[in-house]
Amino acid sequence: TSFFFFKQKTAYEISACLVGSEMCIRDRRRVHGDKQLLKPKKEKVMSGLQKYNHLFSKLKLGDFELKNRIVMSPLTRCRADKRTCVPNELHVEYYSQRASAGLIITECSQVTPISQAFPGAAGIHSEEQAQGWKAVTDAVHNNGGKIFLQIWHGGRACHPYNLNGIVPLGPSPLAIRAKAHTAEGSKWHETPREMTEEDIQNVIREFRVGAENALKAGFDGLELHAANGYLIDSFIRDWTNRRQDKWGGSVENRGRLCLEVIDQLIAVFGPGRIGIRFSPVGRTNDMYDNDPISTYTCLLYTSDAADDLLCVDLGGRRIIKKKN
């Protein structure tokens, strides 16, 4: 399990500190060639925990005061009903058990039935799903925790088998050169349908409805999933976005969908309650960008919408607070 935090250390260093097991400490010290510490005594492990005791101090973040600096990362579970995509008692138990973290970010939750990339992913596009998530947020809040929903559209990473035969959507007709998970095992990804202007506007509205459902469900905020080759990420990066209209070509155009979705999420929750996840150099789902530094610098630092973000997660390594 990886953990995010808000200062100068990497997620790997935190997890080694938090777990505090001899195996974690041993593995970390072997890198430094210190053979005498391969079997550390208990007090050596505890000194490692004490070194990072600031992790357990409070943190003001946007509209929140977190009780500690430990954030549970989103982890795909696929435990929802495969037909209705409604969260259930397993979700309630799983997240309430982890409410001692400063903040929980849930597994990704799709905004429409045709944006589900995993069988059993819990959605946020129906009233029934919102009620299922409400039981989760109530349990987390009753245990003193805070919880964000990771809101998501699978895009070209979806497979027709999981969508009742519907062809998945993408910025350009470019298939993932890998296999997808289905209820009948792995199947090669199929070529997505290039989205029309109407499709894009529909997706923006679907994110708005998903945000409204998340608010009804009692979530404290949202993290937009714009990483790992899913729909928003596939618009941002030039390998998957081959369009020549206002949604493609330049960095500004490729980032347009992401920023317009952010506007909708902020309109529902407010600027102090929205985060985003990127994977600038991640290769998951056959992704690539020719100039990630220029792409993400432009996206994050030259747009009004991005200025209102609470935090940015760059591929699970860090969370960066925006100036505002």
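The present account deals with the structure reproduced in this document. Please read all numbers here as calculations on a predicted model, not as lab measurements.

Further remarks concern the environment of Leu299. Summarising the element assignment, Leu299 is placed in helix H10 (residues 292–301). Taking relative accessible area as the criterion, Leu299 reaches 5% and is therefore assigned buried. For Leu299 and Glu252, which are 47 residues apart along the polypeptide, the C-alpha to C-alpha distance reads 7.2 Å.

It is worth spelling out unusual backbone geometry at this point. Phi is positive for Asn285, close to 60 degrees, though the residue is something other than glycine. Following the sequence through the fold, Asn285 ends up in the loop between strand E12 (274–278) and H10. Not every positive phi belongs to a glycine, and Asp286 is a case in point at roughly 60 degrees. Relative to the helices and strands, Asp286 resides in the loop between E12 and H10.

In this section: the packing of helix H6 (residues 197–216) against helix H9 (residues 256–269). At a closest axis distance of 9 Å, the pairing of H6 and H9 adopts a crossing angle of 30 degrees. Considering their axes alone, H6 and H9 lie roughly parallel with respect to each other. For H6 against H9, the interelement crossing comes out right-handed. Contacts between H6 and H9 pair Ile200, Ile204, Phe207, Arg208, Ala211, Glu212, Ala214 and Leu215 from the former with Leu257, Glu260, Val261, Gln264, Leu265, Ala267, Val268 and Phe269 from the latter.

The next thing to look at is the packing of aromatic side chains. If you walk through the whole model with that rule in mind, you get 8 aromatic pairs. Ring geometry for Phe118 against Trp152: centres 5.4 Å apart, planes inclined by 10 degrees, an arrangement best described as stacked. One end of the pair, Phe118, is in the loop between strand E5 (103–110) and helix H5 (127–142); the other, Trp152, is in strand E6 (residues 147–152), and 34 residues separate them in sequence. As far as the burial class goes, Phe118 and Trp152 line up, both buried. Taken together, Tyr94, Tyr95, Trp133 and Phe219 form an aromatic cluster joined through their ring pairs.

It is worth spelling out the pairing of strand E11 (residues 221–226) at this point. Each regular strand shows side chains that alternate between the opposite faces of the sheet. Counting buried positions along E11 gives 6 out of 6 residues, so the element sits mostly inside the fold. Judged by which residues are buried, E11 turns out to be covered on both faces: Gly221, Glu223 and His225 on one side and Leu222, Leu224 and Ala226 on the other are all buried. For E6 and E11, the ladder comprises 4 bridges, and the chain directions are parallel. Bridged to Leu149 within E11 is Leu222. Taken together, the 5 bridges between E11 and E12 define a ladder with parallel strand orientation.

Now for the pairing of E5. Of all 8 residues in E5, 8 are buried; the element is thus mostly enclosed. Note: strand E4 (residues 71–72) against E5, 2 bridges, orientation parallel. Residue pairing across strands places Met72 opposite Ile104, the latter belonging to E5. Crossover connection from E4 via helix H4 (residues 89–96) to parallel E5: handedness right-handed. At this point the chain moves from E5, through H5, to the parallel E6, and the crossover so formed is right-handed.

Structurally, Leu231 can be placed in helix H7 (residues 231–236). Leu231 sits 61 residues away from Gly170 along the chain, and the two C-alpha atoms are 6.5 Å apart. For Leu231, the contacting residues outside a window of four places in its chain are His153, Gly154, Gly155, Leu169, Gly170, Met195, Val203 and Leu257.

Our next topic: the packing of H4 against H5. Viewed as axis vectors pointing N to C, H4 and H5 meet at an angle of 25 degrees, and their least axial separation amounts to 9 Å. Comparing their axes, H5 and H4 come out roughly parallel. Handedness of the H4/H5 crossing: right-handed. Residues His91, Val92, Tyr95 and Ser96 of H4 form the contact with H5, whose own contacting residues are Trp133, Ala135, Val136, Ala139 and Val140.

What counts, and where the lines are drawn
- Residues numbered from 1 in each chain as written.
- Predicted model: local features only at pLDDT ≥ 70, side-chain atom pairs only at ≥ 80, totals over all residues.
- Heavy atoms only, no water.
- Helix = DSSP H or I, 4+ residues; strand = E, 2+ residues; numbered from the N terminus.
- Buried < 20%, exposed > 50% of the residue type's maximum accessible area, 1.4 Å probe, protein only.
- Axes fitted to C-alpha atoms, helices over the stretch in contact; angles between N-to-C directions.
- Parallel < 35°, antiparallel > 145°, perpendicular 65-115°, else oblique.
- Left-handed = near helix turned anticlockwise from the far one by under 90°.
- Contact = heavy atoms within 4.5 Å.
- Phe/Tyr/Trp six-rings, centres within 6.5 Å; stacked < 30°, edge-to-face > 60°.
- Pairing = 2+ DSSP bridges.
- Right-handed = clockwise from strand over helix to strand, strands pointing away.

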